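Inside the fold
Here's the letter readout for the chains.
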Amino acid sequence: MRQVEISKGWQVKGRDRARVGQKAQPEEWSGETGWVAAPVPGTVHEALWQAGQIGSPYQLASLRQAAWIAESDFLYRCRFDLPSDFRLDGADAVSLCCQGLDTVATLWLNGVELLHSDNMFIPQSVTLPEGGLLRRRDNELWLLFESALRVGQAREAQYGKRPVWNGDPSRVYLRKAQYQYGWDFSPTVLSLGPWKPIQLLAYSARLGEVSCPLSVAPDLQTARLSLSVATEFVREIPAGAVLRMRLRDSASTLVCERLYPLVGGAVVRDAIDIEQPALWWPRGHGEQPLYELCLELFATAPASEATPLDARRLRLGARRLRLVEERLPDGENFYIEVNNRPIFCGGANWIPADVLPTRISQDRLAALLDEAVASEMTMLRVWGGGLYESDAFYDLCDERGLLVWQDFGFACGLYPAHPELSDSVAAEARAAVQRLRHHPSLVLWAGNNEDYAIAQSVGAYRGPRDARVAPGPSSLSSPRFDGRVLYEQVLARVCEAEDPSRPYWRGSPYSRHHADPNVGSEGDRHIWDVWHGAMRDYQDYGQIAGRFASEFGMQAVPDLAIARRCLAPKAVDEAALRDLNYGQEGPERIAKYIGRNLPSAPHAGVAGYVYLTQVNQAEAMAYAVRAFRRGFDATRRCSGALVWQLNDCWPSVSWSLLGFCDEGERPRRKASFYAVRRELLPWIVGLAPGTSPHSVAVWVGAPPLSAVEQGRLQVSVRLRAFGVDGSLHDAQEHLCAISGNQTTELGTITLAAATGPLVVGVQLIGIEEGHEQVLARAVLWPQPLRSLSEHAALSDPGLLVRRFADRVELSVQRPAKAVLLSTEGEIPVAFFDNLVDLLPDEPLAIEAPGLGDQPLIVRSLFGGVACP
């Protein structure tokens, strides 16, 4: 196979507005006026930015000035020659392949229209006719990209306006990444252009669809590779043609090699059994060995160094996967099981890493996914309003043991299901499933994000037994949820046909039996009672936990360095930061939660405001993840905690744990990153107010433990209660029996009576072969924290900071809340821990690689700012 990527010499210009809606004419691509160089793969925004015709899309002022792009059409052109070894003698078939066109696009080659596409997620391929369409020299490729906004609004006028949450409502009529229409975490950036490679392929034979599920037996002792490989020959299959299959383990040792003569058909099917397979595990549960499957197509039986006609390499993981739903007294649980082990899926929701997806490099993906690992996450949910991510994303997750919950590309809207759209969705789903199904990290397909929820909110859905599913007209006054055809028929059938070994879930959130898709007693749940809706206190998360919390969050302002760059040349203050918040009443909601919970003094100015927003977010997320992790007991009544959201696609004020990370930058962590990390550590210990006065409830979360490990490890909890003046009020230690891979309730411990507020600390102590270590720690403060403002002793905790080149040592004389370390250098320091609560008898050393001699800023909630 000969492959030529057409990536050089592209130009773009805006189409004459007078021609909008008219049939394109060849003269539109002639002349030199208005054309600028264009990257391919790339977008119009990038081309105009590089040409100096617009400013940076990551600066608010220039992005607003470029809003006209969304309503405009654009022309692309490219002239290219063929390499000398590219055959045009008719022996080879030649295909023009567009891996992704964003979104409403028409393509011409040498003046002949070849394809039209209106789905950015479907790769397009056209076999070129023989007879001279493709020339040796001076080929011309033309593309017309029409405004997705205008085309969508025209379809909306034809079919009716439909309810949506976020973005222009016409978005439901086009298969384009929905977040680009503007969401509550980012502005509208409606990109257009050839966002994936454009290639010419010449071949006499090639590999077609490959299916290779690697299933593991219930006893985990054997695995079976079920192989199905389609081959395509331009002419008749030559006598002697063979397919060679090689399977190697993670050490490159050959496990199996087979030759398949291609006689009597072009599809090869086989089953290869593997004894004692190397099992792939989620991170924190084991290793991630990957097998390599190599498929090579030959015209005749190959010699050792023969060059194949076509080849493909895939990495596979051997793991047994189940989605388990078991009856409980009050509903059903809902958990992922890998290799017969229930997995607590602590993690976050993933949104695209950039508003311009062509700018997302593998290095940036690796940096962000490494942050997920550093935060002790096990799962990422690829949210339905974004993208089907690149191959590199899933490869990186495979390597890191990060489980992936993959939504199909629908979010927060009542989508139509007329035949043309349904056919397009089916093709989109097949392309995504066939491309991604070999990845062991991918553990679940979900039909959409919150579409059942919005349908219920407008009275268009009454539960799974509601028979109103046929396509039909819809309006805001009489909405119709015919998108159920997509989720319950189209997508379900694609998954069953193309990937039957992996569970398909109709939506997120969803319930199989209840009229409320977001019910807490079964299925997954989006918990927005805190922040949205009634704005409940974040201390209430434990009362509203579902079986699998697939969304919950709290906004916070990112690092000021991010905001300054985005708002430049405007000065950054609290009022300016409002312009970076796209959430409904976002600044007001932040203010309400801070006002309920945190003391405003002594944190003045914009830096103090940023600190308070981040402490507020961190406290909320700690309460949430701790409560949901606590539910991972023997009954698995709660088995997931996916924070909304891990990352940002633009330098906004959002719910993310990481601020926006541009190319080549190290992600900047919000304080909540550390709060979530502590609740997801393998060992955790939890405290909560007890049911009786002067008491605390204690529980422990443990990693998987072998029988030997559990037998030789002695565990105790060590409690200390301090007055706000630093005096030790009570100290106790209790041995405890724990079970691995779950939480264990240790009951309520009564403390000595006190007349004033107490700050209670607990350490989980592990003793093995006479050696003692602190496995986990936690500190319980009276709530709300602002109620402690009247205690002057807290304003001076006696904080001692000792700094070294690569670590910081902290100690206090009185309890200190939310001690945050920061620097103002260009490269942020990735502190190993941060935003810590300190007690007088428990100094902490925090690793700080790269700190060097950078100025260090230390803040605490009641003590203010120190610059040691």
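Treat the numbers as computed from the prediction; the structure is a model and nothing was measured.

For the rest of this paragraph, the subject is the pattern of salt bridges. Under the counting rule described, the total for this entry stands at 66 salt bridges. As a salt-bridge pair, Glu 28 and Arg 19 come within 3.7 Å of each other at their nearest N and O atoms. A relative accessible area of 24% means that Arg 19 is categorised as partly exposed. Connected through salt bridges with shared partners, the residues Arg 15, Arg 19, Glu 27, Glu 28, Asp 73, Glu 146 and Arg 150 form a single ionic network.

Among the structural elements, Asp 451 can be located in helix α7 (residues 451-457). Buried and unpaired, Asp 451 has Arg 171 as its nearest opposite-charge partner, separated by 6.5 Å. In this view, Asp 451 contacts Phe 410, Ala 411, Cys 412, Gly 413, Leu 414, Tyr 415, Phe 481 and Tyr 487; residues no more than four positions away in its chain are not counted.

Next up on the list: the packing of helix α4 (residues 362-374) against helix α5 (residues 391-400). Packing of α4 against α5 brings their axes to within 10 Å, and their N-to-C directions diverge by 35°. Between α4 and α5 the crossing geometry is right-handed. Between α4 and α5, the contacting residues are Gln 362, Leu 365, Ala 366, Leu 369, Asp 370 and Val 373 on the first element and Ala 392, Phe 393, Leu 396, Cys 397 and Arg 400 on the second. Grouping the constituent residues of the contact of α4 with α5 by class yields eight nonpolar, one polar and two charged.

Time to look at unusual backbone geometry. With an omega of 15°, the peptide bond running from Trp 644 to Gln 645 counts as cis. One can find Gln 645 in the loop between β31 (640-643) and α13 (671-680). In this structure, Asn 110 is a non-glycine residue whose phi angle is positive, near 50°. Residue position: Asn 110 is located in the loop between β6 (104-109) and β7 (112-117). Judged by relative accessible area, which is 16%, Asn 110 ranks as buried. Look at Leu 835: it is not a glycine, yet its phi comes out positive at around 50°. Position of Leu 835 relative to the elements: it lies in the loop between β41 (816-822) and β42 (836-838). Relative accessible area serves as the criterion here: at 5%, Leu 835 is assigned to the buried category.

The next subject is the sheet that holds strand β40 (residues 807-811). The pairing of strands in a sheet comes from backbone hydrogen bonds and takes either a parallel or an antiparallel form. Within the open sheet, the three strands sit side by side as β39-β40-β43. Their pairing is antiparallel. Taken across any chain shown, the strands that pair with only one partner, and hence form the sheet edges, are β39 (800-803) and β43 (844-847). Across the sheet, the mean angle from the axis of one strand to that of its neighbour is 20°, orientation sign disregarded. With four bridges connecting them, β40 and β43 associate as antiparallel partners. Residue pairing for β43: Glu 809 is matched across the bridge by Ala 845.

Cut-offs used in this document
Residues numbered from 1 in each chain as written. Predicted model: local features only at pLDDT ≥ 70, side-chain atom pairs only at ≥ 80, totals over all residues. Heavy atoms only, no water. Salt bridge = Lys/Arg side-chain N within 4 Å of Asp/Glu carboxyl O. Buried < 20%, exposed > 50% of the residue type's maximum accessible area, 1.4 Å probe, protein only. Helix = DSSP H or I, 4+ residues; strand = E, 2+ residues; numbered from the N terminus. Lys, Arg positive; Asp, Glu negative; His and termini not counted. Contact = heavy atoms within 4.5 Å. Axes fitted to C-alpha atoms, helices over the stretch in contact; angles between N-to-C directions. Left-handed = near helix turned anticlockwise from the far one by under 90°. Nonpolar A, V, L, I, M, F, W, Y, C, P; charged D, E, K, R; others polar. Pairing = 2+ DSSP bridges.

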